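Okay, here's what each chain looks like letter by letter:
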Amino acid sequence: MSLLEFGDNLFCDDLRNIVHNHPYLSFVLLSATLEYIGKCLSSDKDIFKQGQSEKNCYNAINSILALSKYKKFNRCKANGKKNTNLLYTELRCGMVHSLVPKTGVILSDNKNELEKNVVGCKDLYEDLCNAWKEIKGNEAICSFLTGTKCLRISETIENT
């Protein structure tokens, strides 16, 4: 399976069902999907490179029109050298590491209320779907995604 097929399956099938049926748990996958989209945009095209998650999330939010409303969560770290976004530090890190968001964001099963730092899983899902369509529209990125294999599923399943 290519990275393009993986993304299409994730957005078109798997994630939609989880968002509608398990909104709280969907935030784990939604925040990881934001990171995945950022990795697809990475200039070094090393999608499996570690230690770039924060930068990838920040760049996705700042580079993709469909995610521009989340720039509201941008922050400059105290040292002034490293920019970040609360969707990474508060949502993604909280959910991926402990299944609980940190205090900077509030979760909703439906719509965003960004002025109150409320992130709705249905709105975030739709915005990530639109971001995916946007990056697939970039010929160079689409070519990279099509040509990069990420998952091989065996056709046969052994009985144990």
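Higher on the page you've got the structure.
In this text the structure is predicted, and so the values were computed from the model without any measurement. (Residues numbered from 1 in each chain as written. Predicted model: local features only at pLDDT ≥ 70, side-chain atom pairs only at ≥ 80, totals over all residues. Heavy atoms only, no water.)

Our focus in this paragraph is the packing of helix 2 (residues 23–41) against helix 4 (residues 86–98). Where helix 2 contacts helix 4, the axes come no closer than 9 Å and their chain directions differ by 125 degrees. By the angle between their axes, helix 2 is oblique relative to helix 4. Considering how the two elements wind past one another, helix 2 and helix 4 form a crossing that is left-handed. Judged by residue contacts, Y24, F27, V28, S31, L34 and E35 of helix 2 engage L87, L91, R92, M95 and V96 from helix 4. (Axes fitted to C-alpha atoms, helices over the stretch in contact; angles between N-to-C directions. Helix = DSSP H or I, 4+ residues; strand = E, 2+ residues; numbered from the N terminus. Parallel < 35°, antiparallel > 145°, perpendicular 65-115°, else oblique. Left-handed = near helix turned anticlockwise from the far one by under 90°. Contact = heavy atoms within 4.5 Å.)

Moving on, we get to unusual backbone geometry. Trans is the common state for peptide bonds, and a negative phi is the common state for residues other than glycine. Residues other than glycine seldom take positive phi values, yet L99 does so here, at roughly 65 degrees. Assignment of secondary structure puts L99 in the loop between helix 4 and strand 3 (106–108). Given the relative accessible area of 45%, L99 is considered partly exposed. (Buried < 20%, exposed > 50% of the residue type's maximum accessible area, 1.4 Å probe, protein only.)

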